[in-house]
Amino acid sequence: MVKKIITIANNSAAPLAFKLRVTSTMPELQEAGVLCLKPSKKLKLKPRGDTCKVEVTFSPKRRIQLFTREVLLECRGLVSSLFVVRGSCQGSLVSLDQDHLSFGAVVQQSYRCQPIVMRNVGDRAVRFLVVIDMLKSENLENSSVLQGSSYIDVPSSARKDYQLTFLSYKEGVFIAKVTFLNETTREYLFHMVTFKVVASGPIGIVKMSTAVRQRVSSTIKVDNPLPVPVTFDINCEVPNVSVPQHFTVPAQSKANLVLEYQPLKTGESTGHPVLQSSNLGSLSYKLQLKATLSRPEKPVYFRTTLGSRQTIITKIQNFAQRKTEYLLQTDCADFQTTKSISAAPASAGGSNLNVEVTFETCHLGQTKAMLQLSSALGGQYCIPLIGLALPPELQGPFLIPAGSTTSISFRNVFLKAMAFQYAVKHPAFTVRAPKMLCAKSSTTITVSFTGGPATVTSRLVVSCPGGSWIFYLWGLPSTC
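Below: a short report on this structure.

What counts, and where the lines are drawn
- Residues numbered from 1 in each chain as written.
- Predicted model: local features only at pLDDT ≥ 70, side-chain atom pairs only at ≥ 80, totals over all residues.
- Heavy atoms only, no water.
- Helix = DSSP H or I, 4+ residues; strand = E, 2+ residues; numbered from the N terminus.
- Salt bridge = Lys/Arg side-chain N within 4 Å of Asp/Glu carboxyl O.
- Core = buried A, V, L, I, M, F, W, Y, C linked by side-chain atoms within 4.5 Å.
- Buried < 20%, exposed > 50% of the residue type's maximum accessible area, 1.4 Å probe, protein only.
- Contact = heavy atoms within 4.5 Å.
- Pairing = 2+ DSSP bridges.
- Axes fitted to C-alpha atoms, helices over the stretch in contact; angles between N-to-C directions.
- Polar contact = N/O pair within 3.5 Å; in protein donor to acceptor, adjacent residues only side chain to side chain.
- Patch = residues over 30% accessible without salt bridge, like charges linked within 9 Å, V, L, I, M, F, W, Y side chains within 5 Å.
- Areas by Shrake-Rupley, 256 points an atom, 1.4 Å probe, with all protein chains shown as cover.

### Here's the deal with the environment of Val228
For step 1, the next point in the chain: Counting through the fold element by element, Val228 comes out in the loop between strand E18 (216-224) and strand E19 (230-235).
For step 2, the next point in the chain: On a C-alpha basis, the gap between Val228 and Asn318 in space is 43 Å, while along the polypeptide they are 90 residues apart.

Okay, here's the thing in structure tokens:
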């Protein structure tokens, strides 16, 4: 609004009564209150120098081009031009190309920029204060960021883009109101903005490789850009991978999350552990896992004589978290085990499982074999078996009173029927035993002593193509 004061003087010798009026053919000036004269009633002036003041008010409501209008004086039926009013109204006329803007799908934890187009068809530049308000959900000040300049200047008769930058740490739909305020006139425009944030894919790949039953670890560096600590719930359904159930990262810092991998079976696998929080949404990682064959367990050594057997209890470390059954198999008949062993659920660090192995061979020297244990849950174990068979030990002496007999147990240790020979050097001893013995069968050798006045010693030798056994005999003298 603009006001001007005009002084009108009556310099004539007669009093003067008149009215003032202004007319215009411009529609903008014909609107009520735009171009006004005060007072609007009839004015009276005394002769010889009497004056009055007239107020001209220009209060445009829109842009008006430069104009010139006469203020007319009406007196006694006559109309004459008193003075001229010249003016114009310059202004800005700003509009948005649309009142709603959709960012479309925005990937979680990635920046997205979008312009808001502003058009000023006026003849004056205008400055707007920009106010951004997030309208949806809670804790948005932590979980998402919508940024732009605090002010924007839009030139006259021009277009200006206002750049919005959006970042969200979590999934969801977000709505914001962007208001452009003319601080001088208090006029404003506003724009509604919608963001749909979708989950990102894996943000990192973790590779781990180790032999079965061997533990290996890897770390994931988790970033918390927020000004508050963030606690993650960890969902990891990958077999043989251990992670904590909860993990906290201090404010505006990074922390290492440790993953441990201890496979029980060979092969390659993948997985996707997910870290979930109310502030940062879900973080997914891809695991690439590889389990190779482990070295055999420690060898088990046996040492015995031909015809004897030795049983040793060895142990394996069972890591299966559920009850399982191990099947046992050897590649040599000289080593015997049960066909299967049942294992209770193992503790977190593994549990010992006893394995009983018996060595009985039918030939002299060293024998090697491999004992294999396999389970659908516990995997496979290989235990080297090394057995050494020595010649049979000398046995006896067996005391035989004169005129009596004694019995000596004997076993065919071979895998086939064998013919045995029995020989005693001293004629006072006689032997009775079967010549043929079936494989792995036992018999009794009966030795008789006829007697004499003195003690008699001798040896019984039992022989076959596979070896010989020596038994000492001691014949006692008769007592009469």
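Continuing now.
### Topic: the pattern of salt bridges
For step 1, the next point in the chain: Throughout the structure, instances matching the rule amount to seven salt bridges.
For step 2, the next point in the chain: Arg309 serves as the salt-bridge partner of Glu360, at 3.1 Å between the closest nitrogen and oxygen. Here the residue Glu360 occupies a position in the loop between strand E32 (351-359) and strand E33 (365-375), and Arg309 occupies one in the loop between strand E27 (300-305) and strand E28 (310-318), the gap between them amounting to 51 residues.
For step 3, the next point in the chain: Here the salt bridges do not stand alone but share partners, grouping Arg309, Glu360 and Arg411 into one network.

### Re the nonpolar core
For step 1, the next point in the chain: Ranked by internal contacts, the top residues of the largest apolar core, which has 27 residues, are Val222, Phe232, Val241, Phe247, Leu257 and Leu275.
For step 2, the next point in the chain: Elements with a minimum of two residues in this core: strand E17 (205-211), E18, E19, strand E21 (246-249), strand E22 (253-261) and strand E26 (286-292).
For step 3, the next point in the chain: By residue number, the principal contributor to this core is E22, which donates four residues.
For step 4, the next point in the chain: Contacts of Val222, omitting those with residues within four sequence positions, involve Phe232, Phe247, Val249, Ser253, Lys254, Ala255, Leu257, Leu275, Leu283 and Tyr285.
For step 5, the next point in the chain: If you look at the next biggest cluster of nonpolar residues, it comprises 23 residues, including Cys362, Phe410, Phe449 and Leu473.

### Digging into the sheet that holds strand E35 (residues 395-400)
For step 1, the next point in the chain: Taken together, the four strands give an open sheet; going across it, the order is E35-E43-E42-E38, and neighbouring strands pair in mixed fashion. Two strands in the sheet have a free side with no partner beyond their single neighbour: E35 and strand E38 (421-424). Put simply, the sheet's adjacent strands are angled 25 degrees from each other on average, direction ignored.
For step 2, the next point in the chain: Note that strand E42 (residues 456-464) and strand E43 (residues 467-475) share nine bridges and pair antiparallel. If you follow Ser458 over to E43, its bridge partner there is Leu473.

### With respect to the side chain of Asn10
For step 1, the next point in the chain: Take Asn10: it is sitting in strand E1 (residues 2-10).
For step 2, the next point in the chain: Owing to a relative accessible area of 4%, Asn10 belongs among the buried residues under this scheme.
For step 3, the next point in the chain: Reaching out from Asn10, the side chain makes a polar contact with the backbone oxygen of Leu45 at a distance of 3.3 Å.
For step 4, the next point in the chain: Beyond its immediate sequence surroundings of up to four residues, Asn10 is in contact with Pro15, Leu16, Leu45, Lys46, Pro47, Arg48, Gly49 and Asp50.

### Things to note about unusual backbone geometry
For step 1, the next point in the chain: Backbone torsion omega between Lys38 and Pro39 reads 0 degrees, so that peptide bond is classified as cis.
For step 2, the next point in the chain: Tracing the backbone through its elements, the reader meets Pro39 in the loop between strand E3 (35-38) and strand E4 (43-45).
For step 3, the next point in the chain: Phi at Ser157 is positive, roughly 50 degrees, even though this residue is not glycine.
For step 4, the next point in the chain: Within the element layout of this structure, Ser157 appears in the loop between strand E13 (151-154) and strand E14 (158-168).
For step 5, the next point in the chain: The exposure class of Ser157 is exposed, given its relative accessible area of 59%.
For step 6, the next point in the chain: Of note in this structure, Gln252 is not a glycine but carries a positive phi near 50 degrees.
For step 7, the next point in the chain: Along the polypeptide, Gln252 turns up in the loop between E21 and E22.

### Here we look at a nonpolar patch on the surface
For step 1, the next point in the chain: A contiguous nonpolar patch, built from Leu135, Val173 and Ile175 and spanning about 220 Å² of accessible area, is present on the exposed surface.
For step 2, the next point in the chain: Checked against the element boundaries, Ile175 lands in strand E15 (residues 172-181).
For step 3, the next point in the chain: Judged by its relative accessible area of 30%, Ile175 falls in the partly exposed class.

### A word on the environment of Leu437
For step 1, the next point in the chain: By the secondary structure assignment, Leu437 is in strand E40 (residues 436-437).
For step 2, the next point in the chain: Here Leu437 falls in the buried class, since its relative accessible area comes to 5%.
For step 3, the next point in the chain: On a C-alpha basis, the gap between Leu437 and Ser342 in space is 37 Å, while along the polypeptide they are 95 residues apart.
For step 4, the next point in the chain: Contact partners of Leu437, with chain neighbours within four places excluded, come to Phe410, Asn412, Lys416, Ala417, Met418, Phe420 and Thr443.

### Regarding the pairing of E14
For step 1, the next point in the chain: Pairing geometry for strand E10 (residues 112-120) and E14, over nine bridges, is antiparallel. Residue pairing in the sheet places Asn120 in a bridge with Ala158 of E14.
For step 2, the next point in the chain: Bridge count for strand E12 (residues 144-147) against E14 is four bridges, and the pairing is antiparallel. Counterpart to Ser144 in the pairing with E14 is Ser168.

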